[in-house]
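# Tertiary structure, described
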Amino acid sequence: MSERFVLRGKGRVPGIVEGEALVSQDPLVWSHGVDPATGKIDDVRVALNGVCIKGKILVYPYGKGSTASSSWMLETTRCGNNPLAILNRKTELIIIAGAVLSDVLYQKQIPIVDLLDQNPDEVIRTGDWVIVDGNQGTVEIIRK
């Protein structure tokens, strides 16, 4: 038996995807925090150090900022190691830019939703199946 619930927020980057959630309680930085060649988080200060984001619905509270994060995200996308979608409490504009440019340059949509009615990093668990609708700003969580 599975439990289903829906969060509603602000769609920042359009697209609809579904996949397995990877949840970090720690803020993440893309620049020098994700290895584009492997898709693994390589920031030793976070609990998910060594975990691959490729093909996951990446959930984290917020970014730890760097103006290079969008280009780091683009390189991760170019290497084929991007997440399917990103869910944050509040998303930095530089990450939104990286997702938009991933679509423009590499035809890889990475929907982003934030400002949800519940903090996604507190409600969603790693392994939950998640359907992200960046067009409508909704996130459906299916927990087994």
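The shown structure was predicted, so the numbers you read here are calculated from the model rather than taken from an experiment.

The number of helices and strands found in the protein is three helices and 10 strands. For the protein, the sequential pattern of α-helices and β-strands runs β-β-β-β-β-β-α-β-α-β-α-β-β. The globule rule puts the C-alpha radius of gyration for 144 residues at 15 Å, and the 14 Å found for the protein is close to it. Expressed along its principal axes, the backbone C-alpha trace of the protein runs to roughly 40 × 30 × 20 Å. Put simply, of all contacts in the protein between residues at least 6 apart along the chain, 77% involve residues at least 24 apart. For the protein, the accessible area works out to roughly 6,900 Å², and carbon and sulfur atoms hold 52% of it. Of the charged side chains in the protein, 16 are positive and 17 negative, and the gap between their average positions amounts to 1 Å.

Here we take up the sheet that holds strand β1 (residues 3-8). Pairing is mixed in the open sheet, where eight strands are placed in the order β1-β10-β9-β3-β6-β7-β8-β2. Single-partner strands in this sheet number two, and they are β1 and β2 (10-13). Along the sheet, successive strands turn relative to each other by an average axial angle of 25 degrees, direction set aside. Both β2 and strand β8 (residues 112-114) contribute to a ladder of three bridges, which runs antiparallel. In the strand pairing of β8, V13 is matched with I112. In the packing of helix α2 (residues 93-106) onto the sheet, the strands contacted are β2, β7 (85-87) and β8, and the crossing angle to β2 comes to about 60 degrees.

What follows covers a nonpolar patch on the surface. A surface patch of nonpolar side chains, amounting to about 410 Å² of accessible area, comprises V100, L101, V104, L105 and Y106. Within the secondary structure, L101 sits in helix α2.

As a further point, take the pattern of salt bridges. Pairs may arise between side chains of opposite charge once their charged atoms sit close together. Taken as a whole, this structure holds nine salt bridges when the rule is applied. The partner of E140 in a salt bridge is R4, and the shortest N-O contact between them spans 2.5 Å. Of the two residues, E140 sits in strand β10 (residues 138-143) while R4 sits in strand β1, which places them 136 residues apart along the sequence. The closest approach of N and O atoms between R78 and E75, which form a salt bridge, is 2.6 Å. Pair noted here: R78 and E75 are both in helix α1 (residues 69-78), with a separation of three residues, about one helical turn. Its relative accessible area of 48% is what places R78 among the partly exposed residues. Take E75: its relative accessible area is 29%, and that puts it in the partly exposed class.

Rules used in this analysis
Residues numbered from 1 in each chain as written. Predicted model: local features only at pLDDT ≥ 70, side-chain atom pairs only at ≥ 80, totals over all residues. Heavy atoms only, no water. Helix = DSSP H or I, 4+ residues; strand = E, 2+ residues; numbered from the N terminus. Rg over C-alpha atoms; globule rule 2.2 N^0.38 Å. Contact = heavy atoms within 4.5 Å. Areas by Shrake-Rupley, 256 points an atom, 1.4 Å probe, with all protein chains shown as cover. Lys, Arg positive; Asp, Glu negative; His and termini not counted. Charge placed at Lys NZ, Arg CZ, Asp CG, Glu CD. Pairing = 2+ DSSP bridges. Axes fitted to C-alpha atoms, helices over the stretch in contact; angles between N-to-C directions. Patch = residues over 30% accessible without salt bridge, like charges linked within 9 Å, V, L, I, M, F, W, Y side chains within 5 Å. Salt bridge = Lys/Arg side-chain N within 4 Å of Asp/Glu carboxyl O. Buried < 20%, exposed > 50% of the residue type's maximum accessible area, 1.4 Å probe, protein only.

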